[in-house]
Amino acid sequence: MSDARKILDDLNDRSREVFRLIVESYLDSGEPVGSRTLTRTLSEKVSAATVRNVMQDLEYLGLLDSPHVSAGRIPTQMGLRMFVDGLLEVADLSLDDRAKLDATLGTNAGDVGGTLDRISATLSRVTQGASLVLTPKHEAEIRHIEFVSLAQDRALVVLVFSDGHVENRLFAPPPGQTPSSMREAANFLNALIEGKTLSEVRRLMQTEIGVRQQEIDQLARQMVESGLAVWDREGEGAARLIVRGRANLIDGTGQEQELERIRVLFDDLERKRDIAEFLQLTEDGEGVRIFIGSENKLFSLSGSSLVVSPYMNADRKIIGAVGVIGPTRLNYGRIVPIVDYTAQLVGRLISDRS
C-alpha cells in the first residue's frame, strides 16, 4: 500500500492526529466518531467546525467514511491499512496472556495433537476471536515404502520415516493387482526415495514415472500412483486446520447478512478448501502479517481481518501457521504480540518433538 503510505506522510500534524484518534476510537468502540468528541481529546484546542473540515479532507482522501448522513466518521479499509502500517503501536505481551498460553503445555505435553488443540482454544479465549492453527505435515525423510494387500479391493501403503515415525493409509488398489506388482511398485519407489520427503517424492513421481516407463509395468505404475495419491485426498492428509471460537464472531454480529458471510467463511474452513492458501499467506517472510477485509481472498467475503504468523521447525523451515480472525476493528496492537508469541510457542513444541 505505497499510495496509502505516501498519503500518511503528506498529512500535517493536525490531520494525522484527527485520523489516529478516529481509528483508535473506532477500534475500541466500533462506533462512528464525531467532531465534538474529537475537540475534547485533541492536543490542540480547535473548534468543532475546524475538526469537521479536517474530517472532510480525510474522507476525500479515502481514509474515512460516513456511514450515515450527519453522522461521525469511521475508517475505510484503506484507512485501517494505513493506520496499521504507519501508526499502530504494538503493545508488549501481558504477563496474564503469556501465562494462559504457557499453561497449555503443562499437562500431557507429549500429546502434540492434544496440545495444539488446547493452544488453539486458549488463543481464541485470550483474543475473543476465532483462532486458526495449521498443524504440520510429517516431513522427515522417508526410509522405506511398502504395499500390503488386505483383500481384493483393499490395500495398505506403509511409510517408514528416517526418524522412526510410521504412517499408513488404507486405499483401494487398481483392479488386477497381484502381490508381485505390489512388490515391483514398492521396489521402484524405494530405489528413488532415499533422502527425500513425501512432498519431494510426489513431485519426483510426476516426472519419473513417465521417464522410466520401461522399468515398471502398467499394473505397478498404477499401484504407485494410487498409493501416493491417498495422501493428497481431502481429509486424509497429515496436515490439519484447527478452528476454535466460531461463536466469538457470531455473538458480536446482529445483521443477518453479516451472519451469512461468517457462516460461509467457516464452511470453507471446515471443508479445508483453502489450507494451502492459508499457509502461503505466511511464506513471504517471518513475522506477523495483517490482512484487512478484501486484501485476502480467503476471508474477503466475510469482511474479516486476519492476523497470522508462521511457525518453524528446528531447521528454520516454515511448516505451519497460527492466526486469529475477527472483525476489521480488531485490537491489532494487542493481538499482534499474542499471535507472534503463540507461533513461537508452537514452533518450540514441534521442534522439541522432532
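Residues numbered from 1 in each chain as written. Predicted model: local features only at pLDDT ≥ 70, side-chain atom pairs only at ≥ 80, totals over all residues. Heavy atoms only, no water.

It is worth spelling out the pattern of salt bridges at this point. It is possible for side chains bearing opposite charge to pair when their charged atoms get close. A complete count under the given rule lists 7 salt bridges for this structure. A salt bridge links Glu44 to Arg14; the shortest N-O distance between them is 2.7 Å. Remark: Arg14 occurs in helix H2 (residues 13-29) and Glu44 occurs in the loop between helix H3 (35-39) and helix H4 (48-60); sequence separation between them is 30 residues. On the accessibility criterion, Glu44 (34% relative accessible area) is partly exposed. When the shortest N-O distance is used, the salt bridge between Arg20 and Glu24 registers 3.1 Å. Taken together, the residues Arg20 and Glu24, both in helix H2 and 4 residues apart, mark about one turn of the helix. For Glu24, a relative accessible area of 33% translates into the label partly exposed. (Salt bridge = Lys/Arg side-chain N within 4 Å of Asp/Glu carboxyl O. Helix = DSSP H or I, 4+ residues; strand = E, 2+ residues; numbered from the N terminus. Buried < 20%, exposed > 50% of the residue type's maximum accessible area, 1.4 Å probe, protein only.)

Take the sheet that holds strand E10 (residues 318-327) next. The strand order across the open sheet formed by 5 strands is E7-E3-E10-E9-E8, and the pairing between neighbours is antiparallel. Each of the sheet's edge strands pairs with one partner strand only, and the pair in question is strand E7 (240-244) and strand E8 (289-292). Ignoring which end each strand starts from, the neighbouring axes of this sheet average 15° apart. Sheet topology places E8 next to strand E9 (residues 304-312); 4 bridges connect them, and they run antiparallel. The residue bridging Arg289 from the neighbouring strand is Val308, located in E9. (Pairing = 2+ DSSP bridges. Axes fitted to C-alpha atoms, helices over the stretch in contact; angles between N-to-C directions.)

A separate point is the environment of Ser29. For Ser29, the location among the structural elements is in helix H2. A relative accessible area of 34% means that Ser29 is categorised as partly exposed. Placed 300 residues apart in sequence, Ser29 and Arg329 show a C-alpha to C-alpha distance of 8.6 Å. Of the polar contacts made by the side chain of Ser29, one reaches the backbone nitrogen of Glu31; its length is 3.1 Å. (Polar contact = N/O pair within 3.5 Å; in protein donor to acceptor, adjacent residues only side chain to side chain.)

This part takes up unusual backbone geometry. In this model, Gln128 sits at a positive phi of 60°, which is unusual for a non-glycine residue. Counting through the fold element by element, Gln128 comes out in the loop between helix H7 (112-127) and strand E3 (130-135). Judged by its relative accessible area of 54%, Gln128 falls in the exposed class.

Turning our attention to H7. Over its 16 residues, H7 extends 22 Å from the first C-alpha to the last, a length consistent with the 22 Å expected when each residue adds 1.5 Å. Residues of H7 that are buried: Gly114, Thr115, Leu116, Ile119, Ser120, Thr122, Leu123, Ser124, Val126 and Thr127. (Expected span 1.5 Å × (residues − 1).)

Here we come to the packing of H2 against H4. To characterise two packed helices, one gives the angle between the axes of the helices and the distance between these axes. For the pair H2 and H4, the least separation of the axes is 10 Å and the interaxial angle reads 80°. As summarised for this structure, H2 and H4 are arranged roughly perpendicular, according to the angle between their axes. Across the interface between the two elements, Arg14, Ser15, Val18, Phe19 and Ile22 of H2 pack against Thr50, Val54, Met55 and Leu58 of H4. Within the contact of H2 with H4, the residues separate by chemical class into 6 nonpolar, 2 polar and 1 charged. (Parallel < 35°, antiparallel > 145°, perpendicular 65-115°, else oblique. Contact = heavy atoms within 4.5 Å. Nonpolar A, V, L, I, M, F, W, Y, C, P; charged D, E, K, R; others polar.)

Assignment of secondary structure puts Glu200 in helix H9 (residues 198-211). Given a relative accessible area of 33%, Glu200 falls into the partly exposed group. Sequence separation between Glu200 and Ile142 is 58 residues; the distance between their C-alpha atoms is 9.9 Å.

Once that is clear, we can look at the sheet that holds strand E5 (residues 154-161). Pairing is antiparallel in the open sheet, where 3 strands are placed in the order E4-E5-E6. Either end of the sheet is taken by a strand with one partner, and the two such strands are strand E4 (142-151) and strand E6 (166-171). Neighbour-to-neighbour, the strand axes of the sheet open up by a mean angle of 15°, direction not taken into account. Pairing of E5 with E6 involves 6 bridges; the strand directions are antiparallel. Its bridge partner being in E6, Val157 is matched across the sheet by Arg169. Along the sheet, helix H8 (residues 179-190) contacts E4 and E5; its crossing angle with E4, the most-contacted strand, is approximately 170°.

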